[in-house]
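Close look at the chain arrangement
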Amino acid sequence: MSASLVRPAAPATRDDGRRIVLVVDDAPEDAEIVGRYLRRDPEHRYEVRHAQLGEEALGLCLDVPAAERPHLVLLDYNLPDMTGIELLDLLAEAHAQRDGRAGERGLPVPVVMLTGSSTHLDTAVTAMQHGALDYLAKDQLSVPLLRRAIDTALERFASRRLLEAQRDELERRNLALDAYAERTQRLLTLATALSGSLTPEEVAAVTLRETMPALGAVRAALALVDPGSETLEVVHVVGVPEDAVERRLPLAASAPLAVAARTGRALWPQGSPSVVAVGREADPVEGGGASGVTVPLEAGGRPIGAMSFGFDVPEALGVDERAFLLTAARQGAEALERARLYAAEHRAHAEAERARAEAERANRAKSDFLAVMSHELRTPLNAIAGYVDLLELGVRGPLSPAQAADLGRVKRAQQHLLSLINEVLDFARIESGRAEFRVDAVPAHEVVAEVHALVAPQLRARALEFVVEACDAEVRLCADRDKVRQVLANLLSNAIKFTPPGGRVTLACATEGAVTRLRVVDTGCGIPPAKLESVFEPFVQVETGHTRTVEGTGLGLAISRELARGMGGELAVESTEGEGSAFTLTLPTA
């Protein structure tokens, strides 16, 4: 057993080296004999005291200062007021009461029983059963026997006291270990419970519920700082009457909750009023307690609140209890911060959902408006085209050259306006999800030929060179034929618009693995780097302002990319300003 586990036994001699021996015997001559024998001991000095009665012996053993108590008692069996056995029992009972060992047998001083003769063995056995450490027969008493009996009794008593001290220390340590195990289990339970707590109120309730029993607290409160108002809001209380709780108090108040939350410092008062004084400056909560403790709650190095615990009896928390409380406070603070972040994320998500829904409603309203307006505009435009055709046929009579030229201008303007409206309608259909795709195996070379025929007049009008690098006749596109033709026609029309006369436009086709790339390259003005990523956005044009030379809605490329993606493909651009642009339509190969 390590020396740190035990306390030292009582000394077997006085400071001056003398042993105090109390002889309890109603025969003074016997006490004198014992004293004479002890004075012959060459190794020890003795102070012999004498008591004739049991009550007198009790007083000399129990009611004198510790330094004056006997180191050993020589007890005669027969006393005038009681037997030696009865005196042993009284000594054991008094010792148990003083040391808090009720029900245990032990003597405050070593006792050697004196019997009348060596034949009284039953008396000796009974005495030792009641706590005596040895016995001597008066008819065989000698200096060596007496000396050996005293030495043996003192050694046995010292060993017994040492064992008792070791047992006491082990019990204390076992209790401490049990308390540590309970606190550790509480922390594990707290961590588990906090992992499922999503609101500050849930976190506060769980933290107080799991912490209070380990501390022996009967009242508790947890409050959080409201940074916006410099106040402290009490979110949960236990054992405190509702009418005694003020849910919000200034952060600058002198109440312990406010002090801990403001300073980030734990308050460890002892014997002071209960610090569960929520809503009062420095007074204990109504019905108060005997002591209390308050610890801050910190997250990210800043105080976010505090929690207080009150006790009915003075409670001086030890190092282990304080460490437990600070750990519980740290766990609670981390969970509160998670709950705050969760609430913020939840609010942000809800705001984003509301914004998305609002944007979708606005987008649908815009698409519906564009579709309705475009439809309404197409009707009169179609009527204009019909009447122009009738006039050109001479239904109203022959036309002069000037009139025919004017009608041609009207017809071209009508066709241009109709194409713009059709673009708006296409865009509205795509945005509203009403665009339909009829995907089939489309011969790539046929689509290229059809588009060439569509743009040939424009190419001639602009005096542009047109180069076609056609696909093999076997290449099939997994796409919608009309949509592919629409995208290529739009790309070629843009290339023609932005390429000055004498320039060149190229349409190349190449198959790479599972995809086929249709590439439109021009030698036009190119696209500024700042606008390269935005050319596919609706209503975006490379040229802006009143001086722009190319007309259009700015929807052609946006529609083309959406059509390409609707067929499982992609539309990308590369450009060098002043040298030209290259648009690549990538589609799955059938």
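Residues numbered from 1 in each chain as written. Predicted model: local features only at pLDDT ≥ 70, side-chain atom pairs only at ≥ 80, totals over all residues. Heavy atoms only, no water.

Considering the pairing of strand β16 (residues 570-576)
Just so we agree on the cut-off: Only protein chains enter the area calculation, which uses a 1.4 Å probe; residues under 20% of their type maximum are buried, those over 50% are exposed, and those in between are partly exposed. For helices the rule is a DSSP run of H or I covering at least 4 residues; for strands it is a run of E covering at least 2, with both sets numbered from the N terminus onward. Here a strand pair is declared whenever DSSP counts at least two bridges between the two strands.
Of the two faces of β16, the one lined by L571, V573 and S575 is fully buried and the one lined by E570, A572, E574 and T576 carries no buried residue. Here β16 runs beside strand β17 (residues 580-588); their pairing, made up of seven bridges, is antiparallel. Opposite S575, over in β17, you have S581 as the bridge partner. Linking β16 to β17, which pair antiparallel, is a turn of three residues; within it G578 sits at a positive phi near 90 degrees.

Concerning unusual backbone geometry
Of note in this structure, E230 is not a glycine but carries a positive phi near 55 degrees. Secondary-structure assignment places E230 in the loop between β6 (219-226) and β7 (231-238). In this structure, A463 takes a positive phi of about 55 degrees despite not being glycine. Assignment of secondary structure puts A463 in the loop between α10 (444-461) and β12 (465-469).

Quick notes on the environment of G17
Here G17 is to be found in the segment before β1 (18-24). Assessed through its relative accessible area of 31%, G17 is described here as partly exposed. The spatial distance from the C-alpha of G17 to the C-alpha of H44 is 7.7 Å, given a sequence separation of 27 residues.

Quick look at the environment of A266
Keep this limit in mind: Pairs of residues are marked as contacts when any of their non-hydrogen atoms sit within 4.5 Å.
Assignment of secondary structure puts A266 in the loop between α7 (256-263) and β9 (291-299). Separated by 60 residues in the primary sequence, A266 and L326 have C-alpha atoms spaced 8.9 Å apart. Apart from residues lying up to four places away in sequence, A266 is in contact with T294, V295 and P296.

A closer look at the pairing of strand β10 (residues 302-311)
Where burial is concerned, most of β10 is hidden: eight out of the ten residues are buried. As paired strands, β6 and β10 are joined by six bridges and run antiparallel to one another. From the neighbouring strand, A220 faces β10, where its bridge partner is F309.

A few points about the sheet that holds β1
Backbone-to-backbone hydrogen bonds join strands into a sheet, with any given pair of strands oriented parallel or antiparallel. Where we set the bar: To get an axis, a line is fitted to the C-alpha atoms, and for a helix only the part in contact is used. The angle between two axes follows their N-to-C directions and goes from 0 to 180 degrees.
One open sheet accounts for five strands, arranged β2-β1-β3-β4-β5; its pairing is parallel. The two strands at the open ends of the sheet, each matched to only one other strand, are β2 (45-51) and β5 (134-137). In this sheet, adjacent strand axes meet at a mean angle of 25 degrees when their direction is disregarded. Of the strand pairs in this sheet, β1 and β2 are connected by seven bridges, and their pairing is parallel. Looking at β2, one finds that R19 is bridged to Y46. Helix α1 (residues 28-39) rests against β1, β2 and β3 (72-76) of the sheet, and its axis sits at about 175 degrees to β2. Set on the sheet, helix α4 (residues 121-129) makes contact with β4 (111-115) and β5; between it and β5 the angle comes to about 155 degrees.

Quick notes on the packing of α10 against helix α11 (residues 481-498)
Note the following rule: Left-handed is the label given to a crossing in which the near helix is rotated counterclockwise from the far helix by less than a right angle, and right-handed is the label when the rotation is clockwise.
In contact at an axis separation of 9 Å, α10 and α11 are set at 35 degrees when each is read in the N-to-C sense. Where α10 crosses over α11, the two elements pack in a sense that is right-handed. On α11, the residues touching E446, V447, E450, V451, L454, V455, Q458 and L459 of α10 are R481, V484, R485, L488, A489, L492, S493 and I496.

Considerations on the sheet that holds strand β14 (residues 504-512)
With respect to topology, five strands assemble into an open sheet ordered β12-β14-β15-β17-β16, the strand pairing being mixed. What marks the edges here is a single partner per strand, and that holds for β12 and β16. Adjacent strand axes in the sheet meet at a mean angle of 15 degrees, parallel and antiparallel pairs treated alike. Relative to β17, strand β15 (residues 515-522) is paired through seven bridges, and the arrangement is antiparallel. Note on β17: the bridge partner recorded for T516 is L587. Sheet strands touched by α10: β12, β14 and β15. Its angle to β12, the strand with the most contacts, is close to 180 degrees.

Looking at the state of the cysteines
Convention followed: Count a disulfide wherever a pair of cysteine sulfur atoms falls within 2.5 Å.
Overall, the coordinates contain one disulfide when judged by the stated rule. Paired by a disulfide, C471 and C509 hold their sulfur atoms 1.0 Å apart. For the disulfide bridge between C471 and C509, the dihedral angle about the S-S bond is near 100 degrees, and by the sign convention the bridge is right-handed. Taken together, the positions of C471 in the loop between β12 and β13 (476-479) and C509 in strand β14 put the pair 38 residues apart, joining distant regions of the chain.

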